[in-house]
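This is what each chain is made of:
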Number of protein chains: 2
Amino acid sequence: MENKFIQWKKQCLTKIDYSRKGTVDEDISHIVSVLNNSDNYFTTSSCSGRIILTDGVSDNPDVQKRNCSWLFVTHKKCLIRDLVSGLEKSSGDAVLKFEPFLLHVQCRQLEDGQLLHSVAINSGFRNSGFTVGKKGKIIMAVRSTHGLEVPLSHKGQVLVKEDYIHFLVEVANQKMEENLKRISRFYKCLQTALLPVESQSLCKFETEEKPVYKRRKKRGQNSACQDSRDISPIELEDCLDSGVDLFT
Amino acid sequence: MENKFIQWKKQCLTKIDYSRKGTVDEDISHIVSVLNNSDNYFTTSSCSGRIILTDGVSDNPDVQKRNCSWLFVTHKKCLIRDLVSGLEKSSGDAVLKFEPFLLHVQCRQLEDGQLLHSVAINSGFRNSGFTVGKKGKIIMAVRSTHGLEVPLSHKGQVLVKEDYIHFLVEVANQKMEENLKRISRFYKCLQTALLPVESQSLCKFETEEKPVYKRRKKRGQNSACQDSRDISPIELEDCLDSGVDLFT
């Protein structure tokens, strides 16, 4: 099992990058290298977050991905003119999306996955979770609940006015900014988590995070149609008592 | 550990439902009972999927949830008049969201979590994953990538025309329909997965699913900023060889 992990890590890190971009995004390269330089982790896919304008067929959402082209994409804040000129090229159904930081990390042991999961949750990535394959591959997915998905054209016809597009650009850029804050919080918490336990009081929370956790902890466990969809009370409880407690 | 699971299940299922609605949603009650009647699972929270109009402060996305009120919510398809009359009540920043089926399930053993994860992925819930707490609680979160998040007003001022709202209602209802298809696929796959292995060839895929998986499988493992964000090739590979192979 131990040898397998080392072998998987070697195979993965020497493989060609098959992504469209072909490189790790600038804003998360420090996180990717911290993980890849540690003994217990390596990254299998990553995206720092992006604002993307797609053009596809909405009649069947199930196959949309396959018929969809990219009119515009950026991993930084976007400009109104980028979005406007992207929309001019739309011949189908254009949708503006903000897609937050996404990271897939293979972990040596389940405990390493638990530790990384607590780091992710405590940094605001509340849709994080892992998978364990039959071959024993433990993959942690660091996911945020933070999104935006706005249909802007139908059959090539733009459906909104330019002032709405201006507003959307502001909203998308604000989400990108918040995404970068969470990335840097994740990096700090990750560094702390990889330190020996006695040095782990460094990772502090931004005050507005605390009441969110407190409120959710009160909700009880068997919650049907909860309004705090992004983390279940048990997941939270598990984070609070798992790996490192970063709430101190 | 075994006794603990039975104890946790008993505690959870006898607890008061703290959710706003207070009951399990109609469209998933059959899934919730199959799981709660099985020896290896129980649900800790669930939502069949909803179309929701929130009114909040967007200036700080991080605290939006705490300052946000609900103008309108439905677990069925929505009507134009519901959305229009909801928007009339907006005094802040109204956002229309489609939130798909969400289920948190506590699993007896890791293998039970793996089995449920493969069912979730194979039914189209590609953001599914589990958490393992320090106390040994294994929680599978069944999550979809299927969303919609559209800002519609700013400081109480509606930013879009009524024909755009008509279009949005169509899009949201189409997503709700697709959500119900995935729920029924999940139910079928779950029933199959809970059968003895030799009877598991019943759970078939809709043809358009297959190429998506095939394409993703080709992408290689170390994929930076992949455009198929909703599942990593390793997660997929793990599903293909985990628990049951439902691709047969």
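Looking at an unreviewed UniProt entry, one finds chain A named tRNA wybutosine-synthesizing protein 3 homolog, with Esox lucius as its source organism. Taken verbatim from the UniProt record of chain A, the Sequence similarities (unreviewed entry) comment is "Belongs to the TYW3 family." According to its UniProt record, chain A has this under Function (unreviewed entry): "Probable S-adenosyl-L-methionine-dependent methyltransferase that acts as a component of the wybutosine biosynthesis pathway. Wybutosine is a hyper modified guanosine with a tricyclic base found at the 3'-position adjacent to the anticodon of eukaryotic phenylalanine tRNA."

For the rest of this paragraph, the subject is the overall build of chain A. A count of helices and strands for chain A gives 7 helices and 9 strands. The buried share of chain A, reckoned over its 248 residues, is 62%. Restricting the contact set of chain A to residue pairs at least 6 apart, pairs at least 24 apart contribute 70%. Accessible area for chain A stands at about 9,800 Å²; split by element, carbon and sulfur atoms hold 53% of it.

Attention shifts here to the pairing of strand β5 (residues 138-142) of chain B. Residue and element names in this part refer to chain B. For β5, a buried count of 5 out of 5 residues is recorded, marking the element as mostly surrounded by other parts of the structure. Side chains of β5 alternate between two faces, with I138, M140 and V142 and I139 and A141 buried alike. Across 5 bridges, strand β3 (residues 93-107) lies against β5 in antiparallel orientation. When the sheet's bridge partners are listed, L103 is paired in β5 with V142. Of the strand pairs in this sheet, strand β4 (residues 129-132) and β5 are connected by 4 bridges, and their pairing is antiparallel. Bridge pairing in β5 links T131 to I139.

Let us now look at the packing of aromatic side chains. All names here are of chain A. Under the defined criterion, the tally for this structure stands at 10 aromatic pairs over all chains. Relative to F186, the ring of F125 has its centre 5.9 Å away and its plane inclined at 90 degrees; by these criteria the two rings are edge-to-face. Here the residue F125 occupies a position in the loop between α4 (110-122) and β4 (129-132), and F186 occupies one in helix α5 (residues 162-193), the gap between them amounting to 61 residues. F186 shares its class with F125; the two are buried. By the ring-pair criterion, three or more aromatic residues cluster together here, those being F101, F125 and F186.

Under the criterion given, the structure shown has 12 salt bridges over all chains. K76 of chain B is the salt-bridge partner of D27 of chain B, the closest N and O atoms lying 3.1 Å from each other. Of this pair, D27 of chain B sits in the loop between α1 (2-14) and α2 (29-37) while K76 of chain B sits in the loop between β2 (69-74) and α3 (80-88), and the two are 49 residues apart along the sequence. E99 of chain B is paired through a salt bridge with R50 of chain B; the nearest N and O atoms lie 2.6 Å apart. Of this pair, E99 of chain B sits in strand β3 while R50 of chain B is found in strand β1 (residues 41-56), placing the two residues 49 residues apart along the sequence. Overall, the relative accessible area of 13% leaves E99 of chain B in the buried class. On the basis of relative accessible area, R50 of chain B is assigned to the buried category, the value being 1%. Residues participating in the shared-partner salt-bridge network are E26, D27 and K76 of chain A.

Looking now at helix α4 (residues 110-122) of chain B. Residues and elements named next belong to chain B. In this model α4 runs 18 Å from its N-terminal to its C-terminal C-alpha over 13 residues, within 8% of the 18 Å that 1.5 Å per residue would give. Across the 13 residues that make up α4, a large majority, 12, are buried. Considered for burial, the residues of α4 that qualify are L110, D112, G113, Q114, L115, L116, H117, S118, V119, A120, I121 and N122. G124 occupies a position one or two residues after α4 and carries a positive phi of about 100 degrees.

Our focus in this paragraph is the nonpolar core. Formed by 50 residues in total, the largest nonpolar core has its most connected members in F186 of chain A together with F186 of chain B. Setting aside anything within four residues of it in sequence, one finds F186 of chain B in contact with I31, F101, L103, L116, V119, A120, S123, F125 and V142 of chain B. In this structure, V160 of chain A together with L87, V160 and I165 of chain B belong to the second largest nonpolar core, which totals 46 residues.

Let's shift gears to the packing of helix α3 (residues 80-88) of chain A against α5 of chain A. Residue and element names in this part refer to chain A. Where α3 contacts α5, the two axes come as close as 9 Å, and the packing angle between them is 125 degrees. Put simply, α3 runs oblique to α5. Regarding α3 and α5, the two cross each other, and that crossing is right-handed. On α5, the residues touching I80, L83, V84 and L87 of α3 are E162, I165, H166 and V169.

Rules of the game
- Residues numbered from 1 in each chain as written.
- Chains lettered and ligands numbered in written order.
- Predicted model: local features only at pLDDT ≥ 70, side-chain atom pairs only at ≥ 80, totals over all residues.
- Heavy atoms only, no water.
- UniProt positions renumbered as here; feature names shortened; annotations may be inferred.
- Helix = DSSP H or I, 4+ residues; strand = E, 2+ residues; numbered from the N terminus.
- Buried < 20%, exposed > 50% of the residue type's maximum accessible area, 1.4 Å probe, protein only.
- Contact = heavy atoms within 4.5 Å.
- Areas by Shrake-Rupley, 256 points an atom, 1.4 Å probe, with all protein chains shown as cover.
- Pairing = 2+ DSSP bridges.
- Phe/Tyr/Trp six-rings, centres within 6.5 Å; stacked < 30°, edge-to-face > 60°.
- Salt bridge = Lys/Arg side-chain N within 4 Å of Asp/Glu carboxyl O.
- Expected span 1.5 Å × (residues − 1).
- Core = buried A, V, L, I, M, F, W, Y, C linked by side-chain atoms within 4.5 Å.
- Axes fitted to C-alpha atoms, helices over the stretch in contact; angles between N-to-C directions.
- Parallel < 35°, antiparallel > 145°, perpendicular 65-115°, else oblique.
- Left-handed = near helix turned anticlockwise from the far one by under 90°.

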